[in-house]
Amino acid sequence: MAERLFSQEDRQRIIEAIQAAEMQTSGEIQVHIENHCKGEVLDRAAEVFETLKMYQTQERNGVLFYLAVVDHKFAILGDAGINSRVEPDFWEKSKDLMAQHFRQGQFTQGLIAGIEQAGLQLSKHFPYNPDTDKNELSDDISFG
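In this report, the structure presented in the accompanying data block is examined. Just so it is clear, the structure is predicted and the values come from calculations on it, not from any experiment.

Right, let's get into the sheet that holds strand β1 (residues 28-34). Pairing in this open sheet of 4 strands is mixed, and the strands run β3-β2-β1-β4 from one edge to the other. Two strands bound the open sheet, and with one partner strand each, they are β3 (73-78) and β4 (142-143). Across 2 bridges, β1 lies against β4 in parallel orientation. The residue bridging Ile33 from the neighbouring strand is Phe143, located in β4. Together, β2 (62-68) and β3 form the strand contacts of helix α5 (residues 90-103), whose direction differs from that of β3 by roughly 150°.

Shown next, in the form of structure tokens:
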């Protein structure tokens, strides 16, 4: 189900959104999609964050978008570096924006909107430096 929900074109659009956001920042964005969420959504997102080794970015500025499509759950999880700099309600506002799209069945657009929001915040606090920045994590969508 999770993989079938997103066509190859949808996946490519999401990856392009990640790449565009990361061209503005040293931060890293990843998307993980699975059918079911085992336990609490934030706990599961934290497990995926660790599994994907997102904590290993140099500036601790990784952001994970986690979706459990059958269970209708999702979370955005930022690492310590970005969490210490964004407004306390930033992730909730981003989730609200995404949820508006999700309620209309626009899952790709919802993810892209969230990625764009995260990219803007990351670029404010962790600007891109072409001389030193490298892509520390894969831009590909992972499926569980």
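Moving on: the pattern of salt bridges. One pass over the structure, following the stated rule, counts 4 salt bridges. Asp79 serves as the salt-bridge partner of Arg60, at 2.8 Å between the closest nitrogen and oxygen. Of this pair, Arg60 sits in the loop between α3 (41-51) and β2 while Asp79 sits in the loop between β3 and α4 (80-83), and the two are 19 residues apart along the sequence. Under the relative-accessibility criterion, Arg60 is labelled partly exposed at 37%. With relative accessibility at 4%, the residue Asp79 sits in the buried group.

Mapping Gly78 onto the fold places it in strand β3. Separated by 48 residues in sequence, Gly78 and Gln30 have C-alpha atoms that sit 10 Å apart. With near-sequence residues (within four places) excluded, Gly78 lies in contact with Phe49, Gly62, Val63, Asn83 and Trp91.

Turning our eyes to something else, we now look at the side chain of Asp79. For Asp79, the side chain forms a polar contact with the side chain of Arg60, separated by 2.8 Å. Look past the residues within four positions of Asp79 in its chain and what remains in contact with it is Phe49, Met54, Tyr55, Thr57, Arg60, Asn61 and Gly62.

A few words on the packing of helix α2 (residues 8-22) against helix α6 (residues 107-125). The contact between α2 and α6 brings their axes to 9 Å, and the two run at 5°. Here α2 lies roughly parallel to α6, going by the angle between them. Mapping the contact onto sequence places Asp10, Arg13, Ile14, Ala17, Ile18 and Ala21 in α2 and Thr108, Gln109, Leu111, Ile112, Ile115 and Gly119 in α6. For the contact of α2 with α6, the class distribution of residues is 7 nonpolar, 3 polar and 2 charged.

What follows covers α6. Given 3.6 residues per helical turn, the α-helix brings residues three or four places apart onto the same face. An ideal rise of 1.5 Å per residue puts 27 Å on 19 residues; α6 measures up with 27 Å between its terminal C-alpha atoms. Among the residues of α6, Thr108, Gly110, Leu111, Ile112, Ala113, Gly114, Ile115, Ala118, Gly119, Gln121 and Leu122 are the ones counted as buried. Here the buried face of α6 lies against α2, β1, β2, α4 and α5.

This brings us to the side chain of Glu28. Position of Glu28 among the secondary structure elements: in strand β1. Despite its burial, Glu28 remains without a salt bridge, the nearest opposite charge being carried by Lys134 at 9.0 Å. Of note is the side chain of Glu28, whose polar atom sits 3.3 Å from the backbone nitrogen of Leu137. Once you skip the residues sitting within four places of it in the chain, Glu28 turns out to touch Glu22, Met54, Thr57, Asn61, Gly62, Val63, Lys134, Asn135, Glu136 and Leu137.

Calculation rules
Residue numbers restart at each chain and count upward from 1, following the sequence in its written direction. Selection of residues for local features in this predicted model requires a pLDDT of at least 70, selection of side-chain atom pairs for listing and counting requires 80 or more, and totals for whole chains, interfaces and linings are taken over all residues. Heavy atoms throughout the structure, all of them, feed into the side-chain values; hydrogens and water do not. At least two bridges found by DSSP between two strands is the condition for calling them paired. Helical segments are the DSSP runs of H or I of at least four residues, strand segments are the runs of E of at least two, and each set is numbered from the N terminus. Here a residue-residue contact requires only that any non-hydrogen atoms of the pair lie within 4.5 Å. Orientation is described by axes fitted as lines to C-alpha atoms, over the contacting stretch for helices, and by angles from 0 to 180 degrees between their N-to-C directions. Definition used for salt bridges: Asp or Glu carboxyl oxygen within 4 Å of a side-chain nitrogen of Lys or Arg. Residue exposure (1.4 Å probe, protein chains only): buried if accessible area is under 20% of the type maximum, exposed if over 50%, otherwise partly exposed. Distance and chemistry together define a polar contact, namely a pair of N or O atoms within 3.5 Å, with one atom able to donate a hydrogen and the other to accept it when in protein, and with adjacent residues in sequence counting only for side-chain atoms on both sides. These descriptions rest on fixed angle ranges, namely under 35 degrees for roughly parallel, over 145 for roughly antiparallel, 65 to 115 for roughly perpendicular, and the rest for oblique. Under this grouping Gly is polar, as are all residues other than the nonpolar Ala, Val, Leu, Ile, Met, Phe, Trp, Tyr, Cys and Pro and the charged Asp, Glu, Lys and Arg. Expected span of a helix: the number of residues minus one, times 1.5 Å. A positive count includes Lys and Arg, and a negative count includes Asp and Glu. His and the chain ends are not counted in either.

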